[in-house]
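# What the coordinates show
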Amino acid sequence: MWKGRFKEQTAQLLQQYSESISFDWRLWRHDIEGSKAHSAALEKAGLITAQERAQIVVGLEEIGAEIEGGSFRFKAELEDIHMNIEAELTKRIGAAGAKLHTARSRNDQVALDLRLYLRAECDVLLEGLVEMQRALLGLAERCGEVIIPGYTHLQRAQPVYFAHHLLAYVEMFQRDRERLQDCRRRMNVCPLGSGAIAGSTIVLDRRLVADLLGFAEVTQNSMDAVSDRDFAVELLAGLSLVAVHLSRLSEDVILWASSEFKFITISDAFTTGSSLMPQKKNPDVAELTRGKTGRVIGNLVSLLTTLKGLPMTYNRDMQEDKEPVFDSVDTVKAALAVFSAMLGGMAARPDACAAAVADPNLLATDLADYLVNRGVPFRLAHEAVGKAVGLCAERGCELPELGLGDYQGISAAFGADVFELFDVDKSMEARGATGAPSPANVSAQMARWKAALS
Ligand code: ARG
C-alpha cells in the first residue's frame with residue numbers, strides 16, 4: 001500500500017509484529033458498511049461514476065459474503081482488515097477499487113469501524129442487561145414471600161424480602177443501562193472525512209456519509225476525531241461496572257448456595273461437580289464471573305494506559321485498543337447470558353431462609369424504635385437494647401427469652417407489649433418508608449419493574 005516511498009520489502013518479522021488482521025478481522029462488516037457509505041460521497045462529489053460505485057458496492061458485498069461464509073483468506077502481509085478488504089476489492093474490480101481510498105485514511109477508517117462495531121455491540125449489551133433484569137425479577141417473583149436476613153459487614157442486620165435483595169441488583173443494572181445508553185450517544189458521531197489528521201483537500205459530503213451510517217452527528221475537529229478513543233474507554237468503564245455488579249451478585253450467590261447459608265438451590269445444568277468429592281455441587285458460573293471481572297477491569301486500565309502518554313493524533317499504539325475492547329465486550333455479553341440462564345434455574349429454600357430469619361437479634365433495631373415511640377431519645381434507646389442483647393449473650397439466651405423485669409430493669413419505658421415485637425411479618429409491615437421493604441412496597445416495586453421490563 002505504500003510501495004511508492006520504499007525500496008525494500010517490509011521485514012517478515014515486522015509484518016508479524018505489526019499485523020492486526022488476526023483480531024481486527026472482526027470489524028469486517030463495519031469496514032464494508034463504511035466503505036459503501038464513503039463510495040456514495042465519492043460519487044456525489046463526482047470522483048467516481050455511478051457505475052464505478054455500483055462495482056464497488058457489489059465487490060464489497062461479495063467479499064462480505066465470503067468472509068461470512070468463511071472462505072475468504074485474510075493475509076497477514078496486508079496488515080489489517082482495512083487493507084485486506086481494499087486490496088481484494090481492487091484485485092477484483094480494478095481502477096474503481098483503487099479510487100475508494102480517496103479523501104480517506106486508515107486513521108479515520110479505523111475510528112469509524114470501531115464506533116460502528118461498538119455501537120452495534122452496545123445494543124446487544126443493552127439487551128443482555130434487560131434479560132438480566134428480567135431474570136432477577138423472575139426469581140424475585142418466584143420467592144415473593146421469602147424473607148432473609150439482610151447483612152452489613154456480612155453480619156446479620158435486619159430482615160428483608162429476598163425479592164428486595166434481588167431488586168437491588170435490578171436497580172444496579174438499570175444504572176448500567178443508562179450509562180451504556182449515554183456512552184452510545186457520544187459514540188454515535190461519524191469521524192469519517194477527518195482523513196489522516198487534517199481532513200482532505202478533496203471535500204466530501206460528510207453529512208451524507210453520517211446519514212447513511214445512521215450517525216446522529218459528524219465530528220467537528222479532524223485531529224480529535226482520529227485520536228479519540230474516549231468512546232471505547234467509556235464503554236470499557238461501563239462494562240467494568242457491569243462486571244463488578246455481576247461479581248458482587250456472584251459473591252452473594254456463592255454464599256447463598258453454601259451449606260452455611262443454604263438460601264438457594266441452583267439447577268444441575270448450571271453447577272458442576274467435583275472429580276474427587278462426590279457430594280460437591282459447585283457454583284462455577286458465579287465463580288467464573290467473579291474471576292473474569294478482573295480481566296474486564298484490567299482491559300479498562302490497559303486501554304487508559306495505552307492512551308495516557310500519546311501525543312496528538314493517531315499513533316500506532318492505538319492498534320492496541322482492540323483486543324481489550326473485544327475481550328470485554330465478549331466477556332460481559334457471555335457473563336450476562338449465562339448468569340440470566342442460571343437465575344432461571346435458581347430457587348429459594350424457604351425453610352433455611354425462615355430458620356435464618358428467626359434470629360431475634362434481627363429485630364433489635366425494632367426494639368429501639370419501640371422505645372423511641374415511647375419518648376426515649378434514639379441514642380438512649382440504642383444503648384438500652386444493646387444492654388438487653390449483652391444480657392442475652394451473658395445468659396446464653398435470645399431477646400424474647402428475657403423477662404419483662406429484665407427489660408424494665410434496663411429501661412422503664414419497656415411495657416409488656418415489647419414481646420409482640422418478635423414477629424418478623426409485623427416488622428416487615430412496618431417498613432413502609434419509600435425504598436424500604438414493606439410487603440406493599442416490594443409488591444409495588446415488582447409491579448413497577450414488570451411494567452418497565454415487558
Ligand atoms: N491497524 C491500525 C489500527 O488498528 C489501523 C490504522 C493504521 N493507521 C496507520 N497510519 N498505520 O490502529
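My aim in this report is to walk through the structure given alongside it, one point at a time. This one's a predicted model, so the numbers in the text were calculated from it and none came from an experiment.

Moving on to the nonpolar core. Core analysis: the biggest nonpolar cluster contains 107 residues, and Leu118, Met132, Leu136, Phe162, Leu235, Val253 and Phe339 have the highest contact counts within it. Sort the elements by how many residues they give to this core and helix α7 (residues 106-142) lands first, with 16 residues. Beyond its immediate stretch of four places on either side in the chain, Phe162 contacts Cys143, Val146, Ile147, Ile148, Trp256, Ile264 and Ala348. Formed by 19 residues, the second largest nonpolar core is a distinct cluster that contains Tyr370, Tyr407, Ala413 and Val418.

This next bit is on helix α15 (residues 364-373). Looking at α15, one finds that the buried residues are Ala364, Asp366, Leu367, Ala368, Tyr370 and Leu371. Residues of α15 that are buried sit in contact with α16 (378-395), α17 (404-410) and α18 (424-430). Positive phi shows up at Gly375, right after α15, with a value of about 90 degrees.

Further remarks concern the pattern of salt bridges. Note on pairing: side chains with opposite charge can pair once their charged atoms come close. Taken as a whole, this structure holds 34 salt bridges when the rule is applied. A salt bridge links Asp330 to Arg26, with the nearest nitrogen and oxygen atoms 2.9 Å apart. Of this pair, Asp330 sits in helix α13 (residues 322-344) while Arg26 is found in the loop between α2 (21-24) and α3 (28-44), placing the two residues 304 residues apart along the sequence. Given a relative accessible area of 30%, Asp330 falls into the partly exposed group. Overall, Arg26 belongs to the partly exposed group, its relative accessible area being 25%. With a shortest N-O distance of 2.8 Å, Arg184 and Asp123 are connected by a salt bridge. Here Arg184 is found in helix α8 (residues 162-187), whereas its partner Asp123 is found in helix α7, with 61 residues between them in sequence. Residue class for Arg184 comes out partly exposed when judged on its relative accessible area of 22%. The network of salt bridges with common partners includes Glu66, Glu88, Lys91 and Arg92.

Rules used in this analysis
- Residues numbered from 1 in each chain as written.
- Predicted model: local features only at pLDDT ≥ 70, side-chain atom pairs only at ≥ 80, totals over all residues.
- Heavy atoms only, no water.
- Core = buried A, V, L, I, M, F, W, Y, C linked by side-chain atoms within 4.5 Å.
- Buried < 20%, exposed > 50% of the residue type's maximum accessible area, 1.4 Å probe, protein only.
- Helix = DSSP H or I, 4+ residues; strand = E, 2+ residues; numbered from the N terminus.
- Contact = heavy atoms within 4.5 Å.
- Salt bridge = Lys/Arg side-chain N within 4 Å of Asp/Glu carboxyl O.

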